[in-house]
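What follows is each chain in one-letter form.
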Amino acid sequence: MTKRIGIPRGLLFYNFFLLWSSFFESLGMEVISTAETNKGILDKGASKVVDEACLPVKVFYGHVAELAERELDYIFVPRMVSIEKGAYICPKIIGIPDMVKANITAKPAYLAPNLNMREKESHDQFLKEIAANMGKPLIQVQKAWRSAMKVQQKYELDLLQGIYPEKVFLKRETLEHNGDLNILLLGHEYNLYDDYINMGIRKKLKQMGCNLMTVNQVPKYVQQLESRVLSRRMFWTYGKSLLGTARYFRELPGSKGVILLTSFGCGIDSIVGNMIIRYLGKMKIPYLNITLDEHTGEAGINTRIEAFIDLLRWRRELDEDNISTYGKYLGSPQRYAGIYGS
Ligand code: SF4
């Protein structure tokens, strides 16, 4: 009988779902993911986790709790310690398998292999654990992984070009650039793409005529290069990615601003977010910092976004010192008195 594995729609889901789902499908399994986050899922998660947890962890708990009640063979909750040499992810993501196992009793078994590439960039140990847990030959697991990596590369290329595939985002989306303001929406993928926790911020900005950009539209090597500005190496992979993207954004032409989405209770955001804010201030790039938690009200978010966008447009008009083709910025006759004689 075909084995079924559940993958919760939270934390690194938007980074790696296609990799994981293609991998398990190549091993002949059926992959089930949870629905988009909603109030029920968040409430369920928040009721099971310690109060100090950040919002994305509460959401993740909710998705695991959804899967815990289903007829599945496994729930996939990998321990993602490090995904590149010399850097870590985040202590809460590292500890998440132990946290959910301790708090959520599930009918299916937890499949929680360890991925740690901090010392050596290799997936070997991770794949061996999966093979042993699932009783599959290692060679078959390695083959499935190689083919899933190709799918992941294509996914990352699509994101670079602003294409969001249906299999991950439930509806295919494409970034369009026909607005008059360039907005960098900066944050972790689980905040950027979970429309419940960010209250549909991407849609709101598009409706306000903004061209959106996220970390996924900046190549990883560029992020790495840009983040090397610090005198010491940054400890966290996703911190480097945020800082590198913010620095890259300064080079882009046009009217622009940055909206930084951070999570309440996130240690990494409190350090990296602060660095980014200081950097943007120095570069004179306008920014808005929105901190998300389960009590954040939508009306408050709307007001702040609208005010920020109005401010960017207003600032652009004040800074305009070229005569526009349609004469709007000619200004008062007194302003030109010295040039044309009075
Ligand atoms: S990086 Fe921050 S927001 Fe993300 S899981 Fe860790 S603590 Fe939470």
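Here the residue numbering is sequential within each chain, running from 1 through the sequence in written order. Since the coordinates come from a predicted model, pLDDT governs what is reported: local features require at least 70, and pairs of side-chain atoms require 80 or more to be given and counted, while whole-chain, interface and lining totals use all residues. Here the side-chain values reflect all heavy atoms present in the structure, with hydrogen atoms and water set aside.

The subject of this paragraph is the overall build of the chain. Scanning the chain for helices and strands turns up 14 helices and 12 strands. Dimensions along the principal axes, computed over C-alpha positions, put the chain at roughly 90 × 40 × 35 Å. When a residue's accessible area, from a 1.4 Å probe over protein chains only, is under 20% of the maximum for its type it is buried; when over 50% it is exposed; and in between it is partly exposed. In the chain, which comprises 342 residues, the proportion classed as buried is 51%. Contacts in the chain between residues far apart in sequence, at least 24 positions, make up 71% of those at least 6 positions apart. Residue exposure ignores everything except the shown protein chains as possible cover, and the areas themselves are Shrake-Rupley values with a 1.4 Å probe. Accessible surface computed for the chain: about 17100 Å², of which carbon and sulfur atoms make up 53%. Once the 45 positive and 37 negative side-chain charges of the chain are each reduced to a mean point, those two points are 5 Å apart. A run of DSSP states H or I qualifies as a helix once it reaches four residues; a run of E qualifies as a strand once it reaches two. Both are numbered from the N-terminal end. Only heavy atoms enter the contact rule, under which two residues are in contact if any of them lie within 4.5 Å. We count Lys and Arg on the positive side and Asp and Glu on the negative side, and we leave His and both chain ends out. One atom stands in for each charge, and that atom is NZ of Lys, CZ of Arg, CG of Asp or CD of Glu.

By the assigned domains, the chain splits into domain 1 (4-160) and domain 2 (175-319). The interface of domain 1 with domain 2 comprises 27 residues on the first partner and 26 residues on the second. When two parts are put together, the accessible area they lose, computed with a 1.4 Å probe and summed over both, is reported as buried area. Carbon and sulfur atoms supply 58% of the area buried between domain 1 and domain 2, which totals about 2400 Å² over both sides. Among the residues of domain 1 in contact with domain 2, Y14, L55 and L160 are the three that bury the most area, contributing 23% of the side total. What counts as a salt bridge is simple: a side-chain nitrogen of Lys or Arg found within 4 Å of a carboxyl oxygen of Asp or Glu. Counting across the domain 1 and domain 2 interface gives 3 salt bridges. What fixes the domain bounds is an automatic or database domain assignment.

With that settled, consider the packing of aromatic side chains. Stacked, edge-to-face and tilted are the three classes for Phe, Tyr and Trp ring pairs, Trp counted by its six-membered ring, which pair at centre distances within 6.5 Å; planes under 30 degrees apart are stacked, over 60 edge-to-face, the rest tilted. For the structure shown, the criterion picks out 15 aromatic pairs. Considering the side-chain rings of W20 and F76, the 5.2 Å spacing of their centres and the 75° angle between planes classify their relative orientation as edge-to-face. Separated by 56 residues along the polypeptide, W20 in helix 1 (residues 13-26) and F76 in strand 3 (residues 74-76) bring together distant segments of the chain. In this pair, the class of W20 matches that of F76, namely buried.

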